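Per-entry structural report
Now for the letters of each chain:
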Amino acid sequence: MNSSDPAAWPDLVHAVPRDPVVPFVLGGGSNTLADDAGYPGPVIRMATRGITARPLGDDTVEVAAQAGEPLSALVTFTVSEGLSGIEYLAGIPGTAGAAPVQNTGAYGQQISDALTRLTVYDWSRRQLVTFHPETCGFGYRTSIFKTHPGRWTILEIALRLTRSTYAAPITYQHLAHALNVPLGARPPLAEAAQGVLTDRCQRGLALPEDGPDARQVGSVFLNPPITTAQANAVRAAGGMVYHDDHGIPRTSAGWLLQLLGYHPDRQLAPGISCSTRRTLTLTAHDGATAVSFNTVMRKLTRDVFETTGIRLHPEPVRLVARSMSDEVRVTMNQATACRKGPDGLHFPH
């Protein structure tokens, strides 16, 4: 099913069977892995487009975007209108509606920082509801929409942005270095967004339209949480440790893979390789299957855990059949997967 007209949503919902499998809502598909057998339930392609803006006073503006609007187009619109708040999300693939699901973020900025409300469809109650940020369970690359898959579908998001010719203060050291400015600097808005785009391309973070890295799901693992003992071991081995917005120490998933000897352009299985630019991105080629892709991710997870005691958590979303009754079981499984491994680390020299 293709949803391109916001007004047609009630008709689309009416056409979706209540049981047994909840519909899977697909945005741009940039962070999604489909099983080889496909999905046994309905799949809704969210293709609604549209951006509106209205002044709120005090140099603030509310920008509303339909869920199918590409996030990159939304960022481009806000920058062109002189609105600061999401400029550091430039170049991230996916849609506006998908961004809150994993609380998309980059360069010290995340979508939840600017969100004011979300218009959501509740498949359990079969009605429209409004969510506000404090009820969305936002955290590092997570939200209530991610921990309760299939329960809600985001139809529209609203952001509170600030009129400014300058970007938000830079809090990410790498970006400050790339733009040749000190931390805390506020470069011109368009210059900051372009700097992000350039840096993403140089680091292999952009999604190319063609070439050997075109078929990918981006970063396949989240930067994992680590204990104090693990953080000390990471620093001693030359790795980076930082604290997320909730004060939880984390390290780089890509650095952990490279520590174990994985590197860009390395073939991991028939048809599956690290991208030519970065280890953390896996690419698919002729012969790749969903089974082999998931097998590779499990192997990487096991290798890192056995060597360092740090557990990696996959980032891509899998099209797995679920019913509404699965919701509690899925949440419990995710909580179990988030438990940390042992503190003992045996990093190779």
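The rules behind these values
Residues numbered from 1 in each chain as written. Predicted model: local features only at pLDDT ≥ 70, side-chain atom pairs only at ≥ 80, totals over all residues. Heavy atoms only, no water. Helix = DSSP H or I, 4+ residues; strand = E, 2+ residues; numbered from the N terminus. Rg over C-alpha atoms; globule rule 2.2 N^0.38 Å. Buried < 20%, exposed > 50% of the residue type's maximum accessible area, 1.4 Å probe, protein only. Contact = heavy atoms within 4.5 Å. Areas by Shrake-Rupley, 256 points an atom, 1.4 Å probe, with all protein chains shown as cover. Pairing = 2+ DSSP bridges. Axes fitted to C-alpha atoms, helices over the stretch in contact; angles between N-to-C directions. Disulfide = S-S within 2.5 Å. Arc of directions from axis to C-beta. Salt bridge = Lys/Arg side-chain N within 4 Å of Asp/Glu carboxyl O.

1. Re the overall build of the chain
Counting its secondary structure elements, the chain contains nine helices and 19 strands. Against the compact-globule benchmark of 20 Å for 349 residues, the chain has a radius of gyration of 20 Å, which places it among compact chains. For the chain, the spread of C-alpha atoms along the three principal axes comes to 60 × 50 × 40 Å. Taking all 349 residues of the chain together, 50% fall into the buried category. In the chain, the proportion of contacts linking residues at least 24 apart, taken out of those at least 6 apart, comes to 63%. When the accessible surface of the chain is summed, it comes to about 16,500 Å², and 53% of that surface belongs to carbon and sulfur atoms.

2. A look at the sheet that holds strand S1 (residues 2-3)
Spatially, the three strands line up as an open sheet ordered S1-S4-S2, and their pairing is parallel. Only two strands of the sheet have a single neighbouring strand rather than two, namely S1 and strand S2 (24-26). Sheet analysis places S2 next to strand S4 (residues 43-46), joined by three bridges and oriented parallel. When the sheet's bridge partners are listed, Val 25 is paired in S4 with Ile 44.

3. Overview of the sheet that holds strand S16 (residues 267-269)
Spatial ordering of the open sheet is given by S13-S18-S17-S16, a layout of four strands whose pairing is antiparallel. The open sheet terminates on both sides in strands that have one partner only, identified here as strand S13 (216-219) and S16. If you compare each strand with its neighbour and ignore which way they point, the axes differ by 25° on average. Two elements, S16 and strand S17 (residues 272-274), share two bridges in a ladder whose sense is antiparallel. Across the sheet, residue Gln 267 finds its bridge partner in S17, namely Ser 273.

4. Section: unusual backbone geometry
Positive phi outside glycine occurs at Arg 141, with the angle close to 55°. Inspection of the secondary structure puts Arg 141 in the loop between strand S11 (127-131) and helix H3 (144-147). Even without being glycine, Asn 180 reaches a positive phi, approximately 60°. Looking at the element boundaries, Asn 180 is found in the loop between helix H4 (173-179) and helix H5 (189-202).

5. Topic: the state of the cysteines
Applying the stated criterion across every chain yields a total of zero disulfides. Free cysteine Cys 274: the closest other cysteine sulfur is in Cys 201, separated by 20 Å. Its relative accessible area of 3% is what places Cys 274 among the buried residues.

6. Notes on helix H6 (residues 228-236)
Buried within H6 are the following residues: Gln 230, Ala 231 and Val 234. For H6, the arc enclosing every buried residue in end-on projection is 100°, short of the 170-degree limit, so these residues lie on one face. Residues of H6 that are exposed and point more than 90 degrees away from the buried face comprise Thr 228 and Ala 236. After H6 finishes, the residue Gly 238 shows a positive phi value of roughly 90°.

7. Quick notes on the pattern of salt bridges
Overall, the coordinates contain nine salt bridges when judged by the stated rule. Among the ionic pairs, Arg 117 bridges to Glu 62, the shortest N-O distance being 3.2 Å. Residue Arg 117 is found in strand S10 (residues 115-122), and its partner Glu 62 is found in strand S6 (residues 60-66); the two are separated by 55 residues along the sequence. Judged by its relative accessible area of 8%, Glu 62 is buried. Asp 303 serves as the salt-bridge partner of Lys 299, at 2.7 Å between the closest nitrogen and oxygen. Here Lys 299 pairs with Asp 303, and both are found in helix H8 (residues 290-308), just four residues apart, close to one helical turn. When its relative accessible area of 16% is taken as the criterion, Asp 303 is described as buried. Connected through salt bridges with shared partners, the residues Arg 54, Glu 62, Arg 117 and Glu 156 form a single ionic network.

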